[in-house]
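Survey of secondary and tertiary structure
Residue strings, one per chain:
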Amino acid sequence: MKWIFRPLVLAFVCVPMVTACSDNDDEPEMPEFTIEAPADASTLNMYIGTTHLKNTGIYLNEDSMLVVPEMKHWILELADTYPTLDQQPQRGSMTSLKSKLSPGKHYQIFAKNDVEGQYIRLGAEYLNVHADSWIYDKKSVVGAKLTYMTSTVQNEYLDSYCNDMKVYTYPAEQGEKDTEINFPEMTMRVVKKVFIDGAPDVYLTDMSKTLHIRSTGMAEGFVDVNLYNNSNFAQIRIWVLPVTKKDNANI
């Protein structure tokens, strides 16, 4: 009986020892912070140093930072507790170099030429990105699981204002100097002017969605005017012709 009993005991003891050596115990638990995703959302396993986010060139480095190459994009980390993948842009502090990636966090990524300060261009495409979880190889983080979707900046107020606006050009009168106009809902500002001959001063006057462009001299060229509302801005380019009396400008 002794010779029969002894191997059975040894077999019983060895089973948990083999199980304890399994590679599965080397991998930590991976909490996931999933988000409700529309049908047109995409998922991405973003591995450190090798995977780019869509066509942005943005990648994840070994310090778990989202890195923006050539400073072509801005990254905004949202403080919203319950973000969505079609969420409109929020004003906030943006970085063009690196942003720490953390599961459960939500980010918005914009092309740099669609951003002015904390304002995003009307009609611009951008990415809503949600970090779902880390990807592990045993105990080491080798990447992150992301869910993202392309969205478009929308602003009904600016849409309506730009569609209904009429523009006129006049010679400037002495003493005029407004290159920025502030309203309760909007700010209007001259941001660029290009003229064929010389660089005349350009002034704004707004009267109930009728924009008056007043310029000194008789030069021909164009003026870029930005309209700001909430976190968005719209830009209109107005062609200015030499005028000596009221005359419509071309938009």
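These notes cover the structure that comes with them.

Calculation notes
Residues numbered from 1 in each chain as written. Predicted model: local features only at pLDDT ≥ 70, side-chain atom pairs only at ≥ 80, totals over all residues. Heavy atoms only, no water. Helix = DSSP H or I, 4+ residues; strand = E, 2+ residues; numbered from the N terminus. Buried < 20%, exposed > 50% of the residue type's maximum accessible area, 1.4 Å probe, protein only. Contact = heavy atoms within 4.5 Å. Areas by Shrake-Rupley, 256 points an atom, 1.4 Å probe, with all protein chains shown as cover. Pairing = 2+ DSSP bridges. Polar contact = N/O pair within 3.5 Å; in protein donor to acceptor, adjacent residues only side chain to side chain. Core = buried A, V, L, I, M, F, W, Y, C linked by side-chain atoms within 4.5 Å.

Counting secondary structure elements, the protein contains two helices and 19 strands. When the 251 residues of the protein are sorted by exposure, 40% land in the buried category. For the protein, long-range pairs separated by at least 24 residues make up 62% of all intrachain contacts whose partners lie at least 6 apart in sequence. For the protein, the exposed area adds up to about 15,000 Å²; of that, 51% sits on carbon and sulfur atoms.

Right, let's get into unusual backbone geometry. Non-glycine residue S64 carries a positive phi angle of around 60°. Within the element layout of this structure, S64 appears in the loop between β2 (59-60) and β3 (65-67).

Another aspect to go through is the pairing of strand β11 (residues 140-152). Note that strand β1 (residues 42-47) and β11 share six bridges and pair antiparallel. By the bridge assignment, N45 is partnered in β11 with K145. Adjacent in sequence and paired antiparallel, strand β10 (residues 125-137) and β11 are bridged by two residues, among which K138 carries a positive phi angle near 60°.

Quick look at the sheet that holds strand β17 (residues 221-229) now. Here six strands make up an open sheet; going across it, the order is β8-β9-β18-β17-β14-β13 and the pairing mixed. The sheet is open, and its two edges are formed by β8 (115-116) and β13 (180-182), each paired on a single side. In this sheet, β17 lies alongside strand β14 (residues 187-195) in antiparallel orientation, the contact comprising eight bridges. Among the inter-strand pairings, V194 is bridged to a residue of β17, identified as F222.

With respect to topology, three strands assemble into an open sheet ordered β2-β3-β6, the strand pairing being antiparallel. Looking at strand neighbours, the two that pair on one side only are β2 and β6 (98-100), the edges of this open sheet. Bridge analysis of β2 against β3 gives two bridges, and the strand direction is antiparallel. Residue Y59 lies in a different strand from β3, and its bridge partner there is V67.

Moving on to the side chain of N229. By the element assignment, N229 lies in strand β17. In this structure N229 comes out as buried when scored by relative accessible area, which is 4%. A polar contact of 2.9 Å, which involves the side chain of N229, links it to the side chain of N155. Within the local environment of N229, its side chain forms a polar contact with the backbone oxygen of E185, the two atoms lying 2.7 Å apart. Setting aside its immediate chain neighbours within four residues, N229 contacts N155, Y157, L158 and E185.

Let us look at the nonpolar core. Side chains of a nonpolar character, in soluble globular proteins, are inclined to be buried together. Counting 21 residues, the largest nonpolar core has M165, M188, L204, L211, I213, V225 and L227 as the members making the most contacts within it. Those elements that provide at least two residues to this core are α2 (156-164), β14, β15 (202-206), β16 (210-215), β17 and β18 (232-240). Among the elements that take part in this core, β18 stands out by supplying four residues, more than any other. If we skip the residues at most four places from it in the chain, V225 touches M188, R189, V190, L204, I213, A234, Q235, I236 and I238. Counting 18 residues, the second-largest nonpolar core is a separate cluster that includes M46, L66, L101 and L146.

What follows covers the environment of D132. Mapped onto the fold, D132 is located in strand β10. Using a relative accessible area of 8% as the deciding quantity, one classes D132 as buried. The spatial distance from the C-alpha of D132 to the C-alpha of I35 is 7.6 Å, given a sequence separation of 97 residues. For D132, the side chain forms a polar contact with the side chain of T147, separated by 2.6 Å.

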